[in-house]
Amino acid sequence: MRTHAQAVIIGGGLIGCSILYHLAKLGWSDVVLLERDELTSGSTWHAAANIHGLHDSTNISRLQHYTMALYKELETETGQGCGIFQPGSLYLAQTEAREHQLRLQEAKARRYEMNFFEVNRAEAERLHPLVNFDGIRCIMFEPEGGNVDPSGVTMAYAAGARQRGAEIHRFTPATGTETQADGSWIVRTPKGDIRTQWVVNAAGLWGREVAAMAGLQLPLIPTEHQYFVTETIPEIAAMDRRLPSIADRDGEYYLRQEGLGLLVGAYERNMRFWAEEGTPLGFGHELFPDDLERIEGNTMRAIERVPVVGTAGIKRVINGPMIWSPDSAVLFGPVPELQNYFCCNGIIPGFSQSGGMGKLAAEWMIEGEPSLDMFGWDMARFGHWAGKAFTKARVQDQYSHRFKIHFPNEERAVGRPVRTRPAYELQKEIGAIFGMNFGWEHPLWFAKDGEPREETIGFTRQNWWKPVGREARMLREKAGIIDISNFAKYSVTGPGSAEWLNAVFANRMPAQKGRSCLTPLIGKRGGIAGDFTVTKMDDDDFMIFGSGMAERFHQRFFKSVPLPAGVIFISLTEAMCGFNVAGPKSRELLMSLTKEDLSTISFPFMCSRRMTVAGINVIALRVSFTGDLGWELYCDSTKQVLLYKALLDAGRELDAGPVGSRALMSLRIEKGYGSWSREYSPEYWPQESGLARLIKMEKGDFLNRDAYAGIAEAPARDRLVMLSINVKDADATGGEPIFLPNGTPIGQVSSGAYGYTVEMSLALCYVKAGSAKAGDKVSVAILGRPHDAVILEQPPFDPDGERLRA
């Protein structure tokens, strides 16, 4: 066994073997995989191993298609069979909402040239004559859908990795992982130690235990999961082809051919956890006792749809463990608090995603960043607040509603609240309906007396649409008070602070006290890893404001630039709260609470100062994400309630009041402002996002400057534009494909909302450079149906920034 390696992967299941293969394929041959038992032990060997390409997330769809194509390549490359069956998959919609979902996926498939299309009932009956299609509104067909052999795929990855020089050691548990001063690790095993640059936790059911060896707690919990296989069904035995699988998500089961019978699985409401306090080390290829009564309701719905299930005998039952994260997506990526420790844990549709995960993991470790923006998978989306109680509650909801549609803007209440700020109870009293952002409760909108205190969900406009419009118009006409406490807030102090900030960010840091700047953070491939406001409060005293949900994500970048001696960098996100007071009467509102001169001459746009408001010490910045005249005020968290009450009382005199984040979304889109993880992403270059003007190459070195220099002169591949869309009862929310009138796909929506104060349904979008210009007509697939739209020359609200600087 090697004593040194570039990476040691702990876990010899499907995902561990895929990562090993992709590391070797990308050029790292000095890599080792450790498996405590046989390859595939744990949850890989008993998986149903279904494969499908389409997902609500466009990037996940792209990775799933990569994975499906890879299996055939693996067979050719290694000679190891993967047991690939691709008779196709039929997707059924019983409800209007499901039809909207499928039609949107079909539009995305056309955008990315994927094979997914609608078929009529006659064609569906030809494809699968055993299905009763009564009550089905819409049927889509994915010709490449099907299933694979779990052991065959895993062994193919392993064979491909070995061919490239990787080592695999079975019956070799990792007994310890110890970080070293130089950032490397020592992995302890009974057969000897390995010093490695990277540790990869791909330990499946034992992901928690392996993480604990490094002092890390992962939000994971296992459950039981059942499926059964029938005896031979004569109608199937008589056929000369394999039947497509059935995705009847509204029926809450999955079904496909297995041998000459059928396999039926379910995610039942009466779910069961397993090994809550830790997975037994001796567990391997065991199964749990059958408990088909638990999935009886799901099975009966499968029988209604495919009646032969009800007359077939049961050949075998599989009841085995799966391990879940709070949102059922993988915990993926380097741990921000550790150096060179990579996680890939909590994978559910592993056989659809294994290739994509392995590819991105290898890119991240070898090249420093994955080729696709996968923040929805990034383990940094959860923080210390995602404890056992939260994880258990969310996993129960995710499992029992596995096939429930995740609607745009949906906020599931299970497991909440986790983190609240002092004003939470007051906000609840005045009608706040809350969402969750990185664990924090924050107001989405405010209901008035007589209005519902729970919001409805769906693809069309919901019950919050009118109240949000009321708030947006109030702010534009008078003023509004928005809780922005969720923004990430950092303090940088000490001699050398400016030098460190200039070494991190791409813009030139403000040199004058009280001045602010907007600045991109550049990623390893030259894209936008973040956007921040930096303000100079005093000599060697700066504040940084950025995305709250990305705070843990951004730790990786901040930590990569060493702090000079004497410089102190701390997060104040928990210690400070904030409000944005914005609108044409915002100056009047604030001047009633302070003796400060807030005139433009005294307090210009993009300036800051420490001052008092209602007797409370605040940091005030003259900026506003609404695009309107406004100030951001930050105070100690202990003073949040006092400041909020004072602002509300003063606002009442001006017919101003509280505004939630839904209205803020609408207002910033009216102004054409981008937002991190939507418009600003590592996938997009600054010249595509409109941020190139904020990059000062002449100032000297900064983080990933060379990466940006390598693409700075390249022509933009896409460009950020704004659309006005002709719709009646639904708005774009993000991900909707955009087509030319002739049907040619040219881009997709990044953000969308109704602009209440400009009376337009708006969208910010990326379109292929040169494909369309301002004034051109295009089509947007809202609800999966084409809707006419036009590209705007400029934002419809205050395009010249007169209100902002008034």
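First, a word on what this report is: a plain description of the structure on this page.

Scoring rules and cut-offs
Residues numbered from 1 in each chain as written. Predicted model: local features only at pLDDT ≥ 70, side-chain atom pairs only at ≥ 80, totals over all residues. Heavy atoms only, no water. Helix = DSSP H or I, 4+ residues; strand = E, 2+ residues; numbered from the N terminus. Rg over C-alpha atoms; globule rule 2.2 N^0.38 Å. Buried < 20%, exposed > 50% of the residue type's maximum accessible area, 1.4 Å probe, protein only. Contact = heavy atoms within 4.5 Å. Lys, Arg positive; Asp, Glu negative; His and termini not counted. Charge placed at Lys NZ, Arg CZ, Asp CG, Glu CD. Salt bridge = Lys/Arg side-chain N within 4 Å of Asp/Glu carboxyl O. Phe/Tyr/Trp six-rings, centres within 6.5 Å; stacked < 30°, edge-to-face > 60°. Pairing = 2+ DSSP bridges. Patch = residues over 30% accessible without salt bridge, like charges linked within 9 Å, V, L, I, M, F, W, Y side chains within 5 Å. Areas by Shrake-Rupley, 256 points an atom, 1.4 Å probe, with all protein chains shown as cover. Axes fitted to C-alpha atoms, helices over the stretch in contact; angles between N-to-C directions. Polar contact = N/O pair within 3.5 Å; in protein donor to acceptor, adjacent residues only side chain to side chain. Parallel < 35°, antiparallel > 145°, perpendicular 65-115°, else oblique. Left-handed = near helix turned anticlockwise from the far one by under 90°. Nonpolar A, V, L, I, M, F, W, Y, C, P; charged D, E, K, R; others polar. Expected span 1.5 Å × (residues − 1).

## Points about the overall build of the chain
Next up, step 1: The secondary structure content of the chain amounts to 20 helices and 37 strands.
Next up, step 2: What you see for the chain is a C-alpha radius of gyration of 27 Å, in line with the 28 Å of a compact globule of 806 residues.
Next up, step 3: Each of the three principal axes of the chain carries a C-alpha extent, and together these read 85 × 60 × 50 Å.
Next up, step 4: Out of the 806 residues belonging to the chain, those deemed buried represent 61%.
Next up, step 5: Considering only contacts in the chain between residues 6 or more positions apart, those separated by 24 or more positions represent 73%.
Next up, step 6: Charged side chains of the chain number 87 positive and 97 negative; the gap between the two group centres comes to 2 Å.

## Side note on unusual backbone geometry
Next up, step 1: Residue Pro417 follows Arg416 across a cis peptide bond; omega there is 0°.
Next up, step 2: Position of Pro417 relative to the elements: it lies in the loop between helix H11 (388-400) and helix H12 (424-429).
Next up, step 3: Positive phi is not limited to glycine here, since Asn340 has a value of about 60°.

## Quick look at the pattern of salt bridges
Next up, step 1: This structure, assessed with the given rule, holds 50 salt bridges.
Next up, step 2: Its salt-bridge partner being Glu99, residue Arg103 comes within 2.9 Å of it at the nearest N-O pair. Of this pair, Arg103 and Glu99 both sit in helix H3 (residues 96-111), four residues apart, which is roughly one turn of that helix.
Next up, step 3: Residue Arg103 is classed as buried on the basis of its relative accessible area of 9%.
Next up, step 4: A salt bridge links Glu276 to Lys392; the nearest nitrogen and oxygen atoms lie 3.0 Å apart. Of this pair, Glu276 sits in the loop between strand S15 (261-266) and helix H8 (296-305) while Lys392 sits in helix H11, and the two are 116 residues apart along the sequence.

## Considerations on the packing of aromatic side chains
The description of two aromatic rings rests on the distance between their centres and on the angle between their planes.
Next up, step 1: Throughout the structure, instances matching the rule amount to 43 aromatic pairs.
Next up, step 2: With a centroid separation of 5.4 Å and an interplanar angle of 65°, the aromatic rings of Trp324 and Tyr399 are classed as edge-to-face. Of this pair, Trp324 sits in strand S16 (residues 314-324) while Tyr399 sits in helix H11; the two residues are 75 residues apart in sequence, bridging distant segments of the chain. The residues Trp324 and Tyr399 share a single accessibility class, namely buried.
Next up, step 3: Aromatic pair Phe553 and Phe557: ring centres 5.5 Å apart, planes at 50°, arrangement tilted. Linking Phe553 with Phe557, this pair stays in helix H15 (residues 551-559), spanning four residues, or about one helical turn.
Next up, step 4: Note on Phe553: relative accessible area 8%, which makes it buried.

## What to know about the pairing of strand S22 (residues 488-493)
Next up, step 1: For S22, the buried fraction is high: five of the six residues fall into the buried class.
Next up, step 2: Across six bridges, S22 lies against strand S25 (residues 541-546) in antiparallel orientation. Residue Val492 lies in a different strand from S25, and its bridge partner there is Phe542.
Next up, step 3: Here S22 runs beside strand S26 (residues 568-571); their pairing, made up of four bridges, is antiparallel.

## Some thoughts on a negative patch on the surface
Next up, step 1: Together, Glu499, Asp538, Asp539 and Asp540 line one region of the surface with negative charge.
Next up, step 2: Along the chain, the position of Asp538 falls in strand S24 (residues 528-538).
Next up, step 3: Judged by its relative accessible area of 32%, Asp538 is partly exposed.

## What about the sheet that holds S26?
Next up, step 1: Reading across from one edge, S23-S24-S25-S22-S26 is the order of the five strands in this open sheet, with antiparallel pairing throughout. In this open sheet, the two strands that pair with only one neighbour each are strand S23 (516-522) and S26. Neighbour to neighbour, the strand axes of the sheet diverge by 25° on average, direction disregarded.
Next up, step 2: Bridging between S24 and S25 involves five bridges; their strand directions are antiparallel. Of the residues in S25, the one forming a bridge with Asp538 is Asp541.
Next up, step 3: Taken strand by strand, H15 contacts S22, S23, S24 and S26, and its axis lies near 80° from that of S24.

## So, the side chain of Ser637
Next up, step 1: With respect to the secondary-structure elements, Ser637 resides in the loop between strand S30 (630-636) and helix H17 (640-652).
Next up, step 2: At 3.3 Å, the side chain of Ser637 forms a polar contact with the backbone nitrogen of Met576.

## Describing the sheet that holds S15
Next up, step 1: Reading across the sheet, the eight strands line up as S5-S6-S4-S13-S14-S15-S12-S16 and stay open at both edges, with mixed pairing between neighbours. Whereas interior strands pair on both sides, the edge strands pair on one side only; in this sheet they are strand S5 (117-118) and S16.
Next up, step 2: Of the strand pairs in this sheet, strand S14 (residues 253-258) and S15 are connected by six bridges, and their pairing is antiparallel. Paired with Arg256 across the strands is Leu263, a residue of S15.
Next up, step 3: Across the sheet, H11 lies against strand S12 (221-230), S15 and S16, angled at about 20° from S12, the strand it touches most.

## As for the environment of Ser151
Next up, step 1: Secondary-structure assignment places Ser151 in helix H5 (residues 150-163).
Next up, step 2: What makes Ser151 partly exposed here is its relative accessible area of 28%.
Next up, step 3: Along the primary structure Ser151 and Met576 are separated by 425 residues, whereas in three dimensions their C-alpha atoms are 52 Å apart.

## A look at the pairing of S14
Next up, step 1: Counting buried residues in S14 gives five out of six residues, a clear majority hidden from the surface.
Next up, step 2: Where strand S13 (residues 245-248) lies against S14, three bridges are found, and the strand directions are antiparallel. Note that in S14 the partner of Asp248 across the bridge is Tyr253.
Next up, step 3: Counting the residues that bridge the hairpin from S13 to S14 gives four residues, and of these Glu252 lies at a positive phi of roughly 60°.
Next up, step 4: Linking S14 back to S15 in an antiparallel pair, the connection comprises two residues, with Gly259 at a positive phi of about 60°.

## Some thoughts on the packing of helix H2 (residues 58-78) against H5
Next up, step 1: Packing of H2 against H5 brings their axes to within 9 Å, and their N-to-C directions diverge by 55°. Of the possible angle classes, the one that applies to H2 and H5 is oblique. Seen from above, H2 lies across H5 with left-handed handedness. Along the contact surface, H2 presents Leu70, Tyr71, Leu74, Glu77 and Thr78, while H5 presents Val153, Ala156, Tyr157, Ala159, Gly160 and Gln163.
Next up, step 2: Looking at the contact of H2 with H5, its residues break down into seven nonpolar, three polar and one charged.

## What about H11?
Next up, step 1: Given a rise of 1.5 Å per residue, 13 residues ought to cover 18 Å, and the 18 Å separating the end C-alpha atoms of H11 matches this to within 8%.
Next up, step 2: Among the residues making up H11, those that are buried are Phe390, Thr391, Arg394, Val395, Asp397, Gln398, Tyr399 and Ser400.
Next up, step 3: For H11, the secondary structure elements touched by its buried residues are S12, S15, S16 and strand S19 (432-437).

## A short note on helix H13 (residues 465-477)
Next up, step 1: The terminal C-alpha atoms of H13 lie 18 Å apart, and with 13 residues this matches the ideal 18 Å at 1.5 Å per residue to within 8%.
Next up, step 2: By the burial criterion, the buried members of H13 are Trp465, Pro467, Val468, Gly469, Glu471, Ala472, Met474, Leu475 and Arg476.
Next up, step 3: Against the buried residues of H13 lie strand S20 (440-446), strand S21 (480-483), strand S27 (576-582), strand S31 (657-659), helix H18 (661-671) and strand S34 (745-755).

Don't take any of this as a statement about function, it's just geometry.
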